Amino acid sequence: MPPANELPAPALNQARPKRRITILRKGLMVLALPLLYQAVFIGLLLKRQHDLNDAQFWTLHTKTVMETSDHLFLLLVTQHSNLRAYILTGNPVFEDEMNNTQKNLRAALLRLKALIQDNRSQEDRLNHIAKLAQSQLEFQDQVIAEVRTSERNKAVSEIKTLKGKELMDDLQNAIDSFRAQEEKLDTERLETLRRSDVEQMWLLVGGMAVNLFVGALAAGMFSREIGSRILAVAENTRRIACGEKLPPILGGTDEIHDLDAQFHSMSDALDGARFKERVYQQTLERRASELTRANRDLSHKTQEIEMFVYSVSHDLRSPLVNLQGFSKELGTARLALQNILAGDLSDEARDSAKALIERDVTESIHYIQTAVTRLSGIIDALLRLSRAGRVEYRPAQVALPLVISRILEAMRGTIAQRNVEITVLDLAPVWADPTAVEQIFANLIGNAVNYLDPNRPGKIEIGMTERQVDDLEHPLTYYVKDNGLGIADAYLPKVFAVFQRLHGSVAPGEGVGLALVRRMVERHGGKVWVESIEGVGSTFLVAFPAKAEFSPLSAVAPRKESVNFRSRHLQCPPTTP
Amino acid sequence: MSTNHPVTILLAEDDDGHANLVQRNLERAGLVNGFLRVRDGQELLDCLSSRGASHSMELDEAIVILLDINMPRIDGIEALKQIKANPATFRIPVIMLTTTDDPREIDRCYELGCNVYITKPVEYDVFIDAIRRLGLFLQIVRRPRNGGK
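What you are looking at is a predicted structure, and each value in this text was computed from that prediction instead of being measured.

Enquirer: Could you give an account of the overall build of chain A, with specific residues and numbers?
Expert: When its secondary structure is counted, chain A shows twelve helices and seven strands. Classification of the 577 residues of chain A by burial places 23% in the buried group. In chain A, the proportion of contacts linking residues at least 24 apart, taken out of those at least 6 apart, comes to 75%.

Enquirer: Give a detailed account of the overall build of chain B, specifying residues and quantitative values.
Expert: Helix and strand counts for chain B stand at five helices and five strands. When the helices and strands of chain B are placed in sequence order, the string is β-α-β-α-β-α-β-α-β-α. The buried share of chain B, reckoned over its 149 residues, is 39%. Of the contacts formed within chain B by residues at least 6 apart in sequence, a portion of 70% connects residues at least 24 apart.

Enquirer: So what about the sheet that holds strand E7 (residues 537–544) of chain A? Which residues, and what values?
Expert: Backbone hydrogen bonds hold the strands of a sheet together, and the pairing may be parallel or antiparallel. All names here are of chain A. The mixed open sheet is built from five strands, whose spatial order is E2-E4-E5-E7-E6. Edge positions in the open sheet fall to strand E2 (420–424) and strand E6 (527–533), since each of these has one partner strand only. Averaged over all pairs of adjacent strands, the angle between their axes in this sheet comes to 15°, without regard to strand direction. When E2 meets strand E4 (residues 458–465), the two strands line up parallel, connected through five bridges. When the bridges of E4 are listed, Thr423 appears paired with Glu461. Along the sheet, helix H11 (residues 434–450) makes contact with E2, E4, strand E5 (476–482) and E7, crossing E5 at roughly 25°.

Enquirer: Tell me about the confidence of the model for chain A, and please be specific about residues and values.
Expert: On average, residues of chain A carry a pLDDT of 81, and 90% of them reach 70 or more. Note that residues 1–15 of chain A has pLDDT below 50 and, in this model, 18 contacts with residues that lie over four places away or in other chains.

Enquirer: Please provide a residue-by-residue account of the interface of chain A and chain B, values included.
Expert: Across the boundary between the two partners, chain A contributes 22 residues, which contact 19 residues of chain B. Listed by contribution, the elements that provide at least two residues to the side of chain A that touches chain B are helix H7 (255–342) and helix H8 (347–390) of chain A. Tallying contributions element by element places H7(A) first for the side of chain A that touches chain B, with eleven residues. Its residues placed into classes, the side of chain A that touches chain B shows nine nonpolar, nine polar and four charged.

Enquirer: Account for the packing of helix H2 (residues 23–89) of chain A against helix H6 (residues 163–242) of chain A, with residues named and values stated.
Expert: In contact at an axis separation of 9 Å, H2(A) and H6(A) are set at 170° when each is read in the N-to-C sense. It follows from the interaxial angle that H2(A) and H6(A) lie roughly antiparallel.

Enquirer: Can you explain the environment of Arg84(A)? Please cite residues and give values.
Expert: All names here are of chain A. Along the polypeptide, Arg84 turns up in helix H2. Using a count of 15 C-beta atoms within 10 Å as the deciding quantity, one classes Arg84 as partly exposed. Along the chain, Arg84 and Val156 lie 72 residues apart, while their C-alpha atoms are 9.0 Å from each other.

Enquirer: Explain the packing of helix H9 (residues 400–410) of chain A against H11(A) to me, using residue names and the numbers behind them.
Expert: Residues and elements named next belong to chain A. It is the contact of H9 with H11, at a shortest axis distance of 10 Å, that shows an interaxial angle of 50°. It follows that H9 is oblique to H11 by the angle criterion. Judged by the sense of rotation from one axis to the other, the crossing of H9 with H11 is right-handed. Every residue of H11 that contacts H9 at Val403, Ile404, Arg406 and Ile407 is listed here: Val437, Glu438, Phe441, Ala442 and Ile445. A breakdown of the residues in the contact of H9 with H11 according to their chemical character gives seven nonpolar, no polar and two charged.

Enquirer: Please set out the sheet that holds strand E2 (residues 35–38) of chain B residue by residue, giving values where relevant.
Expert: Residue and element names in this part refer to chain B. The five strands lie next to each other as E2-E1-E3-E4-E5, forming an open sheet whose pairing is parallel. Each end of this open sheet is capped by a strand with a single partner; those strands are E2 and strand E5 (116–119). Pairwise comparison of adjacent strand axes, ignoring direction, gives a mean angle of 20° for this sheet. Bridge count for strand E4 (residues 94–98) against E5 is four bridges, and the pairing is parallel. In the strand pairing of E5, Ile95 is matched with Val116.

Enquirer: Can you explain the pairing of E6(A)? Please cite residues and give values.
Expert: Residues and elements named next belong to chain A. As defined by bridge partners, E6 adjoins E7 across seven bridges and the pair is classed as antiparallel. By the bridge assignment for E7, Val528 is matched with Val542. Count of turn residues in the E6/E7 antiparallel hairpin: three residues, of which Gly535 carries a positive phi of about 90°.

Enquirer: Account for the nonpolar core, with residues named and values stated.
Expert: Residues and elements named next belong to chain A. Ranked by internal contacts, the top residues of the largest apolar core, which has 39 residues, are Ile440, Leu444, Val517 and Val542. Broken down by secondary-structure element, the contributors of at least two residues to this core are H8, H9, strand E3 (430–432), H11, E4, E5, helix H12 (513–523) and E7. Here this core gets eight residues from one element, more than from any other, and that element is H11. With residues up to four places along the chain from it excluded, the contact list for Val542 reads Ile440, Tyr478, Val521, Gly526 and Val528.

Enquirer: Which residues make up the environment of Gln500(A), and what are the values?
Expert: Residue and element names in this part refer to chain A. Position of Gln500 among the secondary structure elements: in the loop between E5 and H12. What makes Gln500 buried here is the crowd of 21 C-beta atoms within 10 Å. Apart from residues no more than four positions distant in its own chain, Gln500 is found in contact with Lys494 and Gly511.

Enquirer: Report on unusual backbone geometry, specifying residues and quantitative values.
Expert: All names here are of chain A. The residue Asn419 is not glycine, and still its phi comes out positive at about 60°. Note on placement: Asn419 falls in the loop between helix H10 (412–418) and E2. On the neighbour-count criterion, Asn419 (9 C-beta atoms within 10 Å) is exposed.

Enquirer: For the confidence of the model for chain B, give the residues involved together with the corresponding values.
Expert: Residue and element names in this part refer to chain B. The predicted model of chain B averages 76 in pLDDT, with 78% of residues at 70 or higher. Averaged pLDDT values over the elements of chain B bottom out at 72 in helix H5 (residues 124–140) and peak at 90 in helix H3 (residues 76–85). Taken together, the chains of this predicted complex give a pTM of 0.49 and an interface ipTM of 0.75.

Enquirer: Tell me about H12(A), and name the residues and values.
Expert: All names here are of chain A. The element H12 is extensively covered by neighbouring structure, given that nine of its eleven residues are classed as buried. Along H12, the positions that sit buried rather than exposed are Gly513, Leu514, Ala515, Leu516, Val517, Arg518, Arg519, Met520 and Val521. Its buried side turned inward, H12 meets H8, H11, E6 and E7. Directly after H12, the chain includes Gly525, whose backbone phi takes a positive value near 80°.

Enquirer: So what's going on with the environment of Ile42(A)? Residues and values would help.
Expert: All names here are of chain A. Tracing the backbone shows Ile42 in helix H2. Judged by local crowding, Ile42 falls into the exposed class, with 11 C-beta atoms found within 10 Å. On a C-alpha basis, the gap between Ile42 and Gly207 in space is 9.8 Å, while along the polypeptide they are 165 residues apart.

Enquirer: Give me H8(A): which residues, what numbers.
Expert: Helix length check: H8(A) (44 residues) gives 63 Å between terminal C-alpha atoms against 64 Å at 1.5 Å per residue, within 8%. Every buried residue of H8(A) is listed here: Ser364(A), Tyr367(A), Ile368(A), Ala371(A), Arg374(A), Ile378(A) and Ala381(A).

Cut-offs and rules
- Counting starts from 1 at the beginning of each chain's written sequence and moves along it residue by residue.
- To read the labels, note that chains go from A and ligands from 1, taken in the order they are written.
- Only residues with pLDDT of at least 70 are given local features in this predicted model, and only at 80 or more are side-chain atom pairs given and counted; all residues enter the totals for whole chains, interfaces and linings.
- Only DSSP runs of H or I with at least four residues qualify as helices, and only runs of E with at least two residues qualify as strands; both kinds are numbered from the N terminus onward.
- Buried, partly exposed and exposed are defined by the number of other C-beta atoms within 10 Å of a residue's own C-beta, namely 20 or more, between the two limits, and 12 or fewer respectively, with C-beta atoms placed from the backbone.
- What counts as a contact here is a pair of residues whose C-beta atoms, placed from the backbone, lie within 7 Å.
- Note on pairing: DSSP must find at least two bridges between two strands before they are called paired.
- Fitted lines through C-alpha atoms serve as axes, helices being fitted only where they are in contact, and the angles separating the N-to-C directions of these axes extend from 0 to 180 degrees.
- Across the chain, each position has a pLDDT score giving the predictor's confidence in that residue, from 0 to 100.
- Put simply, Ala, Val, Leu, Ile, Met, Phe, Trp, Tyr, Cys and Pro go in the nonpolar bin, Asp, Glu, Lys and Arg in the charged bin, and everything else, Gly too, in the polar bin.
- Angular relationships are summarised with four words: roughly parallel below 35 degrees, roughly antiparallel beyond 145, roughly perpendicular across 65 to 115, and oblique for the angles in between.
- Two helices crossing with the near one rotated counterclockwise from the far one by less than a right angle form a left-handed crossing, whereas a clockwise rotation gives a right-handed crossing.
- Defined on buried residues, the nonpolar core groups Ala, Val, Leu, Ile, Met, Phe, Trp, Tyr and Cys residues joined through C-beta atoms within 7 Å.
- Helices are assigned an expected span. That span is 1.5 Å times one less than the residue count.

Here's what the structure looks like:
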């Protein structure tokens, strides 16, 4: 699992209040982008609509202005013709008519002025028109006044001066110019409108394209921010199912990150469970192998016991055969003697009886005594062997050089007699029962001395070796090496078995010495074995556990298990009321 | 009869008393000549291998081996194995005469080629009887001679 320092953000997320970017927020962001664009687009469209309306308004406005100016011109013409008619006829009807027209004329001028007040150049033109109209009206008022005062000729001459006509022409020109300007404005506005139409079309097309692009962008963002992350989480669940290693927790602060973090902690829990399972498995396997070993040892021991019983029965039976046999021989000899004594005791008979007593009887008694001694020896040996298995050991740090020197001192007589050269090298102290250690080395040295080759001077060496020993780590291995008779290969496996005697005639004994040694060494958790070449010599090796805590004799605390089999559902002890 | 067809008995036995008893009772059964005793398997094998060279035993003599099992150095089983594996000695009849009555041991000896297996009984009468019958048996044993003469 990735340690927290690789990804500090998720671990510290809860501690540090940070603005979370949730899926909702991401969704809103993804939606907001096209929405924002669409709002801008709609705004643009609205503005366009507004511009269009504006243009239409202005077209209408221009039309109104032109109509009004036409109307103004018509009124002026009407006024002018009315004036002429009034001069010609002097009819006051025309005067009224003219007054009306004049009123209308002023109204039209005012309306026009109101219409074009936003346009400075047109206003100037209109002012010019108004001034001309004013002059025209003044001229007409003057003419009307002259008609009223019956100075019609003066009025006619006034007309004849063509002042009115000039004024009218000027007015017409001014109005034409005004109209032309207004038309020009209208044309310009139409042109703007047309251009705006094209722009609008491009705007629509472009907007569509941009919309598509933004949509794609939003989809991409959604895929990256949501879809692919969910896929990653799904992949992680698959990894958990397959027991694979998970990649670091997904970044971000959204729910998907939370989900992935949950999956990671789940995976951690699973890993923990798997680890525990593995440990349990290993413990189980270790126990099983221990059990197998114990079983093997047990069957080995059973076999040994069978061998032991077999040997004992044989060895006990052997002297019994002699006891029985020679008792019967004694009986036979007794009968023969009785027969001899029953007859005349001739010299021949006397010699025969003497021979019987000296040969058969003496021999039989000798064998019976030997058999009894042997039986007693076997029983003693059995008792010693049994005692070696039962006696309570009191382990201590044993200084071996002291022990060896004590043994050699006790054997001094034999050693001197056999002319043996004994070398004792450096010996490390050992954690063992002192009595047992003394017995072990006494047996081994005794054997070495007893089974020396009489044909060469004896050499015995006692030392240590750094040999590897099965089942023992860094053992303390001592050896007793001799140049004695040696042991044949065929006999090597039986050396430590009880009642087995290789060199039966060389030295007295029951054949339990090495069996005892093995018993004692094994009770110390050690091993004893022999290496030998027949006719060259033997080396007996004894390995003890290196440290006190490895020795089965030490009162070490029971081994602690590496796994705590703690129950998850501990029940509280009942509380005392 | 026995003098005409002498049979040499080779007894391998480490227990002096047993050897003595066997010899005495064989003599009582009428087997008087040709008795040789060795103390273990090694001595027996040495004796057999030196038989050709030495004149202590006539080559023409018939030999029967009485073999104890529990002996020092080379035990009876190993000796039997070697005797039966050697072409020069495998024809010699071998009678196991031992205190061991373990059926597995008996089977093993027959497998290795022993001819008869006799248990030394503790009851002396039975033992004497067994030896006596063995003596009678040995008296009629005739080892076929080479060339059929």
